[in-house]
Amino acid sequence: MIAKDVLAKFKGIVGEEDYWDQPTDLVLYSFDSSVENPALPDVVVRPESTDEVAAICRLCSDYDIPLITRGSGTNLAGSTIPVAGGCVLLMTKMNKILEINTDDMYAVVQPGVITLDFATAVQEAGLFYPPDPGSQKMSTIGGNVAENAGGLRGLKYGVTKDYVMGVTFCDMAGNIVKAGGKTVKLCTGFNLTGLMSQSEGQLGVMTECILKLVPPTKAHKAMLVSFKDIIDAGNTVSGIIRGHVLPATMELMDNFTIRTVHEATGVPLPTDAAALLLIEVDGHPAVVEEEYAIVQKVCAANNGEIKIAATAEEREALWEGRRKALSSLARLRPTLVLEDTTVPRTKIPDFLMALDEIKNKYKLDIGTFGHAGDGNLHPTILCDKRDAEEMQRVHAAVADMFAAALRLDGTCSGEHGIGLAKQRFMVDEVGEGTINYMKSIKRGVDPKNLLNPHKQSI
Ligand SMILES: Cc1cc2nc3c(=O)[nH]c(=O)nc-3n(C[C@H](O)[C@H](O)[C@H](O)COP(=O)(O)OP(=O)(O)OC[C@H]3O[C@@H](n4cnc5c(N)ncnc54)[C@H](O)[C@@H]3O)c2cc1C
């Protein structure tokens, strides 16, 4: 509970129209896109400048108020749930693209800019910003950096952290910190830019990001490959990587997901296939042809049937089908538990077999899709949060999935972060020493643990 005179100070910083403290408004910021239990904040504010952010940090620090930075709330790990109450800092008004520099190939943006708006502006300027989370129509650049969001192009082009050249952020005491810069090379001080990636709002509030841009690709070839056996699809992924081809995208969908997407969207997919791979090779036209020849050979060796997208419309339909996988599955049951297990790419067939066993053992509906090319699969469990017995089976299945991923040298999070959702698995992956080191860093910059507390085991 925050005293009235302190609430008035928040309002004084951002003004009446960017301040909320009524229960009907607060409830909107009590949850995110995860299945974690909601918790109410005490106040929500929407700053429009770095100075306002710094003033709010100072205020929270002076009065020991937890501060939870929020972009669009699309994270799937409970990273924005205000478990200890406090102030939600909504970044959506700081949404300006400040500069797109086509000569030096970087951009400077405020963190509240929507990912797709930014990517579109970059494309219009003749360059390319590759990170493309499925949520790009809603998510913000700040949220992408803080979660180190991935996407369909992660395999060849990397993930958000590979494009962050610098950030300006406010620390909990309200100091303004500048990390990184606009040069390709930079070795000044600690790599604080790297530290802010996947920090889940626990080490500072970013107010400006400098992002790397790359030249657009000259040519591409997209194809849909259907398989009668999902293990063949897994072996195809491994085979293509072993053939030293890195497609721009290599996405997997199992039969359950194929049928669901087809029914929900009408996108023409082969509903009798056990699994699909959506593959796109890109680059110089000659390279595209050379890589396609290798892909074709590996697919044939693994009984995959290739259908090339002949037109731009057919190509867009393929990607639209993939982007709608999550929302299509979400229509089937009241609750959707989307996991984010990742294994080294050559171990995908082993992981798919483990998933099959888990599905049968716990008698659950699990749709599996994901970025198979980079080993990042999203087994998605359809369930009902109100059914305690079913949820017990879901929790046990999730624990088994992570155990299987770790056994195969994988990770609990390929791109969605830890937040609240995966804290219990983190120690198994990184060990106590790592968590203690993270706690020491956090204590150093935020001694009262006010910045997004109780996330990532801190
Ligand atoms: C349909 C759907 C599809 C998705 N697809 C993908 C996908 O393909 N790949 C992927 O990686 N994720 C995906 N996600 C997850 C999610 O969209 C990403 O994690 C995204 O990066 C979150 O952005 P956001 O703006 O919503 O951030 P939020 O959810 O609001 O916040 C996420 C984290 O960032 C912190 N944060 C936000 N802004 C700042 C800032 N300015 N300074 C410091 N910390 C900040 C918050 O405190 C929080 O810890 C998907 C989600 C949905 C719902």
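Residues numbered from 1 in each chain as written. Predicted model: local features only at pLDDT ≥ 70, side-chain atom pairs only at ≥ 80, totals over all residues. Heavy atoms only, no water.

This part is about the side chain of threonine 260. Structurally, threonine 260 is set in helix α9 (residues 255–265). A polar atom in the side chain of threonine 260 sits 2.6 Å from the backbone oxygen of phenylalanine 256. Discounting residues that sit within four places of it in the chain, threonine 260 has contacts with Ser328, Leu329 and Leu332. (Helix = DSSP H or I, 4+ residues; strand = E, 2+ residues; numbered from the N terminus. Polar contact = N/O pair within 3.5 Å; in protein donor to acceptor, adjacent residues only side chain to side chain. Contact = heavy atoms within 4.5 Å.)

Attention shifts here to the packing of aromatic side chains. All told, the structure shown has four aromatic pairs when counted by the stated rule. Between phenylalanine 118 and tyrosine 129, the ring centres sit 4.9 Å apart and the planes meet at 65 degrees, which makes this aromatic pair edge-to-face. Of the two residues, phenylalanine 118 sits in helix α4 (residues 115–124) while tyrosine 129 sits in the loop between α4 and α5 (141–147), which places them 11 residues apart along the sequence. As far as burial versus exposure is concerned, phenylalanine 118 and tyrosine 129 are alike and both buried. Considering the side-chain rings of phenylalanine 128 and tyrosine 157, the 5.4 Å spacing of their centres and the 85 degrees angle between planes classify their relative orientation as edge-to-face. Note that phenylalanine 128 is positioned in the loop between α4 and α5 and tyrosine 157 in helix α6 (residues 154–157), a separation of 29 residues in sequence. (Phe/Tyr/Trp six-rings, centres within 6.5 Å; stacked < 30°, edge-to-face > 60°. Buried < 20%, exposed > 50% of the residue type's maximum accessible area, 1.4 Å probe, protein only.)

Now for the pattern of salt bridges. Taken as a whole and assessed by the stated rule, the structure comprises 24 salt bridges. Aspartate 356 is paired through a salt bridge with lysine 359; the nearest N and O atoms lie 3.8 Å apart. Here aspartate 356 and its partner lysine 359 are both found in helix α13 (residues 348–362), three residues apart, which amounts to about one turn of the helix. Looking at aspartate 356, the relative accessible area reads 41%, which means it is partly exposed. Here glutamate 389 ties to arginine 393 by a salt bridge, and the two come within 2.9 Å at their closest N and O atoms. In this pair, glutamate 389 and arginine 393 are both assigned in helix α14 (residues 388–407), four residues apart and thus about one turn of the helix distant. Taking the relative accessible area as the measure of exposure, arginine 393 reaches 23% and is therefore partly exposed. A single network of salt bridges, built from pairs that share partners, joins Glu17, Asp18, Arg46, Glu48 and Lys93. (Salt bridge = Lys/Arg side-chain N within 4 Å of Asp/Glu carboxyl O.)

Near the ligand lie 34 residues; those nearest to it are Thr69, Gly71, Thr74, Ser135 and Thr140. In this structure, asparagine 75 approaches the ligand through a side-chain N or O atom, which is 2.8 Å from an oxygen atom. Glycine 143 is positioned such that a nitrogen or oxygen atom in its backbone is 3.2 Å from an oxygen atom of the ligand. Notes on the ligand: free accessible area 980 Å², of which the protein chains cover 94%. Mapped by element, the contributors of at least two residues to the shell around the ligand are β3 (67–70), α5 and β9 (205–212). For the shell around the ligand, the element with the most residues is α5, which contributes five residues. Its residues assigned to classes, the shell around the ligand shows nine nonpolar, 21 polar and four charged. (Near = heavy atom within 4 Å. Areas by Shrake-Rupley, 256 points an atom, 1.4 Å probe, with all protein chains shown as cover. Nonpolar A, V, L, I, M, F, W, Y, C, P; charged D, E, K, R; others polar.)

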